[in-house]
Amino acid sequence: MIIGIDASNIRKGGGLTHLKALLQHAQPKSVGISKIILWSSEATLKDIPEFIFIEKRSHALLNKSTLHCFLFQFIYLKKEAADCDLLLVPGGTFISSFRPFVTLSQNMLPFDVEQSKAYGFKMKLRLKLLYYTQSYTFKRAEGLIFLTQYAKKNIVTKMKWEHPKAIVIPHGVHRSFQLQPRYQQEVSCYNKDNLFEFLYVSYITVYKHQWNIAEAVCQLHQLGLPIKLKLVGSVLDSFDLLKDVYQRYPNSSECLEYIGDIPHEELSHQYHNADAFVFGSSCENLPIILLEAMIAGLPIASSNYGPMGEVLGSSAVYFNPYKISSIKNALQLLFENHELRHFIANNTFDKGKNYTWNICAQKTLKYTVERAHHYHQKKH
């Protein structure tokens, strides 16, 4: 069986992390796949390691804008993929007439109306278009993969339609992030020269609420708590909100550190050097960042939105990311209770070990092959 992967709109972020990990851990022969043909931009293809079972293909349109990628899908892909028994579409939007295909739901934002209200007209329009194109894709797909039960339930509710053969397959997490939980020191071990570091890794945008986390940390630091916040991630929008916190709090330079974007392969040492992790997002499908923090053995304070409760269970201190007082209470509780930190770090570490790319890759390919067989048997 020959499987194609349309990665025409996969260029960076979690989508690229997923694609690379899926192919690196794939064992296609074990499920009856003889070859995988991968379509994407030249830049993305260069980022994918060479494997004997992968044939990489590109096209002039795939090296241009997203609109050009959709034109490639619509005009050229069906003919290009004539030898494929099925296409896997990890990007979630597919307008080609090729059949059959399996797609993934990896973007929660188009289906969250409340979160989209915080954006300007241009972004709202983009999200509305994605809602329609992804809903259209999901309804035509032979198979549909969700990352969490939370995402499945909420998207099905928004679409008012449920795919009869949809499945939940969580992402994995790279083992380079794995580190046994460390001994949790008591509060007395921290002072102005040895601050307790909360780490928050994520790009800066409206629904990530870094500025609220930063303000809570500044206020707690003013009250005498020897803590700091390190922010890692590129800026998409809303950086002015974070800069405003820096300007309003004279102590911000002592307790806030923003280091911007760094390569994913260099992230692990940030986790390994932190004392705790904080995650303030209000819109997620399944954040790989959270899985990285779990497997890195860190105690976690988390937003009470989205699938975080499904992923972390009782092994976290939760807060409302919109309320500074709620964030402060959570961070202070985690900082001041070293026994709670020990409990959370060990429990999330054990939970995190269940999220592996080997399992994700094999389940994805097995499901893809099953849906291909079902489609072709149905035709005949």
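What you see is a predicted model, and the numbers here were worked out from it, not measured in a lab.

## Focus: the overall build of the chain
- Within the chain, the secondary structure is distributed over 15 helices and 13 strands.
- Since a compact globule built from 380 residues should have a radius of gyration of about 21 Å, the 22 Å found for the chain is in line with a globular shape.
- Taken along the three principal axes of its C-alpha coordinates, the chain extends 70 × 45 × 40 Å.
- In the chain, which comprises 380 residues, the proportion classed as buried is 56%.
- In the chain, of all internal contacts separated by at least 6 residues, the share reaching a separation of at least 24 is 69%.
- Accessible area of the chain: about 16,800 Å², with a carbon and sulfur share of 52%.
- Counting 42 positive and 32 negative side-chain charges, the chain places the averaged centre of each group 9 Å from the other.

## Digging into helix α11 (residues 288–295)
- Judged by how many residues are buried, α11 sits mostly within the fold: eight of eight residues are covered.
- Buried within α11 are the following residues: Ile288, Ile289, Leu290, Leu291, Glu292, Ala293, Met294 and Ile295.
- Backbone geometry just after α11 places glycine 297 at a positive phi near 75 degrees.

## Things to note about the side chain of glutamine 210
- Relative to the assigned elements, glutamine 210 resides in helix α7 (residues 210–222).
- Excluding its chain neighbours within four sequence positions, the residues that come into contact with glutamine 210 are Tyr200, Ser202, Tyr203, Ile204, Thr205, Leu231 and Leu242.

## Focus on the sheet that holds strand β12 (residues 300–303)
- Reading across the sheet, the six strands line up as β10-β9-β8-β11-β12-β13 and stay open at both edges, with parallel pairing between neighbours. In this open sheet, the two strands that pair with only one neighbour each are β10 (256–258) and β13 (317–319). Looking at each pair of strands side by side, their axes are set apart by 20 degrees on average, direction ignored.
- Both strand β8 (residues 196–201) and strand β9 (residues 227–232) contribute to a ladder of six bridges, which runs parallel. Counterpart to phenylalanine 198 in the pairing with β9 is leucine 229.

## Some thoughts on the sheet that holds strand β4 (residues 86–89)
- Read from one edge to the other, the open sheet built from seven strands follows the order β3-β2-β1-β4-β5-β6-β7, with strand pairing classed as parallel. Each having just a single partner strand, β3 (54–57) and β7 (167–168) make up the two edges of the open sheet.
- Bridge analysis of strand β2 (residues 35–39) against β3 gives four bridges, and the strand direction is parallel. Residue pairing for β3: tryptophan 39 is matched across the bridge by arginine 57.
- Docked against the sheet, helix α1 (residues 13–24) engages β1 (2–6), β2, β3, β4 and β5 (101–104), running at close to 160 degrees with respect to β2.

## Points about unusual backbone geometry
- Here the residue pair arginine 99 and proline 100 is connected by a cis peptide bond, since its omega of 0 degrees sits within 30 degrees of zero.
- Mapped onto the elements, proline 100 comes out in the loop between β4 and β5.
- Positive phi, normally seen in glycine, also occurs at lysine 160, with a value near 60 degrees.
- Structurally, lysine 160 is set in the loop between α6 (149–159) and β7.
- Unusually for a residue other than glycine, histidine 209 sits at a positive phi of about 60 degrees.
- Turning to its location among the elements, histidine 209 is positioned in the loop between β8 and α7.
- Accessibility expressed as a relative area gives 5% for histidine 209, which makes it buried.

## A closer look at helix α13 (residues 324–336)
- Between the first and last C-alpha of α13 there are 18 Å, a value that for 13 residues agrees with the 18 Å anticipated at 1.5 Å per step.
- For α13, the complete set of buried residues consists of Ile324, Ser326, Ile327, Lys328, Ala330, Leu331, Leu334 and Phe335.

## Focus: the packing of α1 against helix α15 (residues 357–379)
- Running from amino to carboxyl end, α1 crosses α15 at an angle of 80 degrees, the nearest separation of the two axes being 9 Å. In terms of axis orientation, α1 runs roughly perpendicular to α15. On α15, the residues that touch Thr17, His18, Ala21 and Leu22 of α1 are Trp357, Cys360, Ala361 and Thr364.
- Of the residues contributing to the contact of α1 with α15, the split by class is five nonpolar, three polar and no charged.

## Overview of the pairing of β12
- Relative to β12, strand β11 (residues 276–279) runs parallel, the two sharing three bridges. Pairing of valine 278 across the sheet is with alanine 301, part of β12.
- Between β11 and its parallel partner β12, the chain crosses via α11, and the hand of that crossover is right-handed.
- Where β12 and β13 come together, three bridges link them in parallel fashion. Directly across from alanine 301, in β13, lies its bridge partner valine 317.

## Re the side chain of glutamate 284
- Among the secondary structure elements, glutamate 284 is positioned in the loop between β11 and α11.
- Polar contacts involving the side chain of glutamate 284 include one to the side chain of lysine 208, which spans 2.5 Å.
- Not counting residues within four places of it along the chain, the set of residues in contact with glutamate 284 comprises Met108, Tyr150, Tyr207, Lys208, Phe279, Pro307 and Met308.

About the thresholds
- Within any chain, residue numbers begin from 1 and follow the written order of that chain's sequence.
- With pLDDT at 70 or above as the cut-off, local features in this predicted model cover only qualifying residues; side-chain atom pairs require 80 or more to be listed or tallied, and sums for whole chains, interfaces and linings still use all residues.
- Processing note: side-chain calculations cover all non-hydrogen atoms of the structure and skip hydrogens and water entirely.
- We count a stretch as a helix when DSSP gives it H or I for four or more residues in a row; a strand needs E for two or more, and each element gets its number in order from the N terminus.
- Only the C-alpha atoms count toward the radius of gyration. The rule for a globule is 2.2 Å times the residue count to the power 0.38.
- Type-normalised accessible area, obtained with a 1.4 Å probe on protein chains alone, sets the label of each residue: buried when under 20%, exposed when over 50%, and partly exposed for intermediate values.
- Here, two residues are considered to be in contact whenever any of their heavy atoms come within 4.5 Å of each other.
- Each accessible area is a Shrake-Rupley estimate made with a 1.4 Å probe; only the visible protein chains count as cover when residues are assessed.
- In this count, Lys and Arg are taken as positive residues and Asp and Glu as negative ones, while His and the chain termini are left out.
- Taken as the charge location is NZ of Lys, CZ of Arg, CG of Asp or CD of Glu.
- Two strands qualify as a pair provided that DSSP identifies no fewer than 2 bridges between them.
- Axis angles are defined between N-to-C directions and span 0 to 180 degrees, where every axis is a line fitted to C-alpha atoms and, for a helix, only to the segment in contact.
- Expected helix span is taken as 1.5 Å per residue step, with the number of steps being one fewer than the number of residues.
- Roughly parallel means an angle under 35 degrees; roughly antiparallel means over 145; roughly perpendicular covers 65 to 115; every other angle is labelled oblique.
- All amino acids are sorted into three groups, where Ala, Val, Leu, Ile, Met, Phe, Trp, Tyr, Cys and Pro are nonpolar, Asp, Glu, Lys and Arg are charged, and the leftover types, Gly among them, are polar.
- Handedness of a crossover is defined as follows: with both strands directed away from the viewer, a clockwise route from the first strand across the helix to the second makes it right-handed.
- By the criterion applied in these results, polar contacts are pairs of N or O atoms within 3.5 Å in which, for protein atoms, one can donate a hydrogen and the other can accept it, and in which residues neighboring in sequence qualify only through two side-chain atoms.

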